[in-house]
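Fold and geometry: a report
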Amino acid sequence: MDFLRTVFFTDISLFMGISSLLVVAILTFLYLKKIDEIKEREDKIRKLEDNLEEMDEQARLIVKTDLELSQTQEELDRKITSLLALQRLSQDLSSSLEEEKIFSHIRPEIISELGFELCLVVLKEKGSLVAKTSIGLDNKESLNVLLGLMKQKDFLDLLIKERILYPNNLSSSFEQVRKHLKEEIKLKSFIVSVIQTKEGVLGVVILGSFSEEEIFKGVRETIEILSTQISQAIENIALFEQLYNSQQELEVKINERTRDLQRALEEISKINQLKSQFVSAVSHELRTPLTSIKGYASLLVQEKFGKLPSDIKVRLERINQQSDSLVSMINDLLDIARIESGRMKIDIQKVDIVELAKRVGDLLFPQMQEKNIHLKLECPESLAIDADKKLIERVLINLLNNAVKFTPQDKAITIAVGEEKDYVKVSVKDEGIGISQEDLGNVFREFYKVDNPVNKELKGTGLGLSLAKNIVKAHKGDIWAESALGEGANFIFTLPR
Amino acid sequence: MSNIDIAFGFSRHYSAEEAVREASVQLRSKSAFPKIDLCIVFFNLPLEEARKIPYSIKRVLNPRTVIGCSLPFLVAEHAFFKRGLIIIGFSGIEFSAGIFSEEKDMAEASERFIWRILRQAQHKRRSFFLSFARFKFSSVSNFLKGIERGLGRNFPFSGIFSCEEESTHPLLLLHNENIITSGAVGILFFDNPDIFLETGSGFSPLGKGGRVTSFSRNLIKEIDNKPAVDFYRDYFGEKIIHSNNYFKKVISRYPLGFKAKDFSGYIIGIPRAFNSDGSISFLKDVLSDEIKLMIPVRHSLINALSNAAKDCKDKIRKPRICFFFDSFYRYRLLGAFYYRQIEALKEAVGEVGLVGGVSFYGMGTLHSSRIGLGHFILENSFSFITAGQK
């Protein structure tokens, strides 16, 4: 029993001992595993912290780079903004033709876009400095700046060399200016840029800031461009004024001359009117007795009042013929007077000018045949125009009559009809003695007769061409002659279609 | 539900009378309503010209109420202008408006201001408050506190604020025939039109950030158990402590971003000062315990606004007009690229009219009112508002 008890208890103790050992081993294993896990996690946390630190380090680097970049970006932005402002101002300045307008274009927002709060444009006038634009300063302050500049001896002359002044490039000669702008006007930064033309230094542009200490290099260049633009605008105005004054003088002279001409024209027109009235009145007065003279002469020639001695009959026939030419002359004069005074009624209708030319050719055929003159027609088949048929026929008759009169035996006359863009051109060309350049301008004048043997031999009224001219003009057409001595003459007229 | 009509007109004329006439002609050509109830006006004209605006508007359009303010830069017709006048005309809407001057007890005064506006409301369901204000910095918190008391902590509110101490362009405030340079004007919209607001900054978080371990109201005393200024010192060195210019340059470009619970973005806070005890002062109360250094990336700045514009526009059934107020700092940061933001906005809003401009500080509540952050000044941020038919 004892043995059994001993064995049992020994086994139990052994079992318990082994079990305890096992538990301790398991716990130790688990503990060690946990410690490993914790270490692993600690490692991970450390790595994470390292990563975070690294990230933060990168963030610092990003911030540093971003700061530098933002600085550059800011400069670039300012440059872009100031250039855009300058571009706008340049456009305004280049379109300004008055000095006052130049300065009114320099507005506060442009100065602000250029990066400044203050702007003063100062020009030299009668030995003194005058502020033309003042932005960011009241009148008293502007005056104070001007007085400060005037204190600096030979201020503008000294600027010819420097062209642009800013606090960092100020030589000792401008100490007075620096002190004044910095200490009295309390500007933290400023730029003084010269306005200069071919005439010399005209003034300065002063730009300043009460808050910004630094002036970027790019802005300095922009301000130099600005002052050059102002200089050019002032120069342009001077040139424009010069041009304008000359133009004004010229205009005054032209106006005077025009007035003189107008007066002369009015006088001529009055005289012409009086002449037309006179001619018309005289012609009317002449026509009535002339009709009686012609009537009686005709009856006498026809021996209605009894037989006449032959020498008297010859003389009466001459009276009858001369009466015909006088009637024709008076009719022409009356027509001219009517056209000139606008009393002539023009009966516009569709007229075939080619047919009309042929008809006139037929009408004067006997005269041409007498001198064996060949008539050439250079015309299309037909060409319709709007005109007074009778009047245009008279023009053609007058021109062809003239041509026949001046064309020698066995020569030719050419009537050409053609159409241009919006008018019809008719010419009557002869192969006669021609007209000198001197006479060419006068042939359409009333009673003008070229001094040549033909005219001495064959007397005319001197009204045919004048009447033709008046008729063509009344149709809103044009008439002229082309000729040279010995080369025949070409009379051309145009009529609107 | 009554039909509403909203249209706007714009003029770049320098003369107020001519500008009002030109803008009114444009407005009238877009609007079918014979009578205009409300005109909201944004302008940038010299003071002497601005004074002529109320009379000119009354003469030409004769609306029931005119409210507005000057902005240093205007956006209209999908372009950016430095001079001009925008008139937005509303017809068939319900609203009440008021004017407010700075007083000694600002919180109480601004609460009274809201009550005065509410009295006109006659128990109508109010939907949105728009205000333009110019005060000293010290008065802003109390002004907003009064508005919160009057309208409720999470009431949708937006507007423009210009600080008297910092602004180079004095903000002119317009209410009917009055033009003031200090105070506030406000307008409370009722049920119709439907108005939706989005705000944001577009700034991106940078670095490992920190945890606010000690703070009190608008002061952060410690970040990660170290004096708060060390957070900036760590990134920018000693120079930021000693150079005021450097400090100013850094804090507007790299403000702090506060992570708010239930809000995906960061709320921007610009340090006002580094104090001698190592704490940092802010304009508004400190929001949370997690902060990050924020950095502006032009692309993100533009995208944030254009995404907000898209979201905001899509939430209104019939959008009629989009208002957009950007902060001056964002404008400066975008610099010559600002026109790209306008182009992105143009794409986002499409045919809907877009007006607004650059202000100094935005003012308002976050659009997600469940955050319960109340009203505060949004710094380096934008507000985008869409209004339309309910």
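All values derive from a computational prediction rather than experimental measurement.

A look at the domain arrangement of chain B
Residue and element names in this part refer to chain B. As assigned here, chain B comprises domain 1 (5–200 + 299–389) and domain 2 (203–295). If you average the C-alpha positions of domain 1 and of domain 2, the two centres end up 30 Å apart. Taken together, the contact between domain 1 and domain 2 spans 19 residues of the former and 18 residues of the latter. Of the roughly 1,600 Å² buried between domain 1 and domain 2 on both sides combined, carbon and sulfur atoms contribute 62%. Here domain 1 and domain 2 share one salt bridge between them. With its nearest N and O atoms 3.9 Å apart, the salt bridge here joins R272 to E379. At the junction of domain 1 and domain 2, the tally comes to two residue pairs in polar contact (both at pLDDT 80 or more). Listed by contribution, the elements that provide at least two residues to the side of domain 1 that touches domain 2 are α5 (137–151), α9 (298–314), α10 (328–334) and β25 (376–378). The class makeup of the residues in the side of domain 1 that touches domain 2 is 10 nonpolar, four polar and five charged.

A word on the domain arrangement of chain A
The domains assigned to chain A are domain 1 (31–81), domain 2 (96–215) and domain 3 (345–496). For domain 1 of chain A and domain 2 of chain A, the distance between their C-alpha centroids amounts to 50 Å.

Structural notes on the interface of chain A and chain B
Chain A puts 19 residues into the contact, and the matching count from chain B is 20 residues. Taken together, the two surfaces of chain A and chain B that pack against each other cover about 1,800 Å², and 53% of this comes from carbon and sulfur. Looking only at chain A, the three residues that lose the most surface to chain B are R60, V63 and L67 of chain A, adding up to 28% of its buried area. On inspection of chain A and its partner chain B, the count reaches four salt bridges. Salt-bridge contacts for R253 of chain B lead to D66 of chain A; the nearest nitrogen and oxygen are separated by 3.0 Å. Counting every contact that joins chain A to chain B gives 10 residue pairs in polar contact (both at pLDDT 80 or more). Counting only elements with at least two residues in the side of chain A that touches chain B, the list comes to α1 (2–94) and α3 (108–113) of chain A. It is α1 of chain A that provides the largest number of residues to the side of chain A that touches chain B, a total of 16 residues. Taken together, the residues that form the side of chain A that touches chain B break down as seven nonpolar, three polar and nine charged.

Some thoughts on the packing of helix α4 (residues 106–119) of chain B against α5 of chain B
Residues and elements named next belong to chain B. In the contact formed by α4 and α5, the axes pass within 7 Å of each other and the chain directions differ by 40 degrees. Taken together, the axis directions place α4 and α5 in an arrangement best described as oblique. In this structure, α4 crosses over α5, and the sense of that crossing is right-handed. Facing α4, whose interface residues are M106, A107, E108, S110, E111, I114, W115 and L118, α5 presents S139, N142, F143, K145, G146, I147, R149, G150 and L151. Here the residues of the contact of α4 with α5 sort into eight nonpolar, five polar and four charged.

How each quantity is defined
- Here the residue numbering is sequential within each chain, running from 1 through the sequence in written order.
- The order in which chains are written sets their letters, starting at A; the order in which ligands are written sets their numbers, starting at 1.
- For a predicted model such as this one, the threshold for reporting local features is a pLDDT of at least 70, and the threshold for listing and counting side-chain atom pairs is 80 or more; totals across whole chains, interfaces and linings nevertheless cover every residue.
- Working from all heavy atoms in the structure, the side-chain values ignore hydrogens and water.
- Source of the domain bounds: an automatic or database domain assignment.
- Should any heavy atoms of two residues lie within 4.5 Å, those residues are considered in contact.
- Joining two parts hides part of their accessible area as seen by a 1.4 Å probe, and the buried area is that hidden amount summed over both.
- Note on definitions: salt bridges are taken to be side-chain nitrogens of Lys or Arg within 4 Å of carboxyl oxygens of Asp or Glu.
- Between N or O atoms, a polar contact is any pair within 3.5 Å; within protein, one atom must be a potential hydrogen donor and the other a potential acceptor, and residues adjacent in sequence are included only when both atoms are from side chains.
- For the purposes of this entry, the term helix denotes a DSSP run of H or I that reaches at least four residues, the term strand denotes a run of E that reaches at least two, and both are numbered from the N terminus.
- Each residue is assigned to one of three groups, with Ala, Val, Leu, Ile, Met, Phe, Trp, Tyr, Cys and Pro labelled nonpolar, Asp, Glu, Lys and Arg labelled charged, and all others, Gly among them, labelled polar.
- Axes here mean lines fitted to C-alpha atoms, for a helix over just the part in contact, with angles spanning 0 to 180 degrees between N-to-C directions.
- For classification purposes, an angle smaller than 35 degrees is called roughly parallel, one larger than 145 roughly antiparallel, one from 65 to 115 roughly perpendicular, and anything else oblique.
- Left-handed is the label given to a crossing in which the near helix is rotated counterclockwise from the far helix by less than a right angle, and right-handed is the label when the rotation is clockwise.

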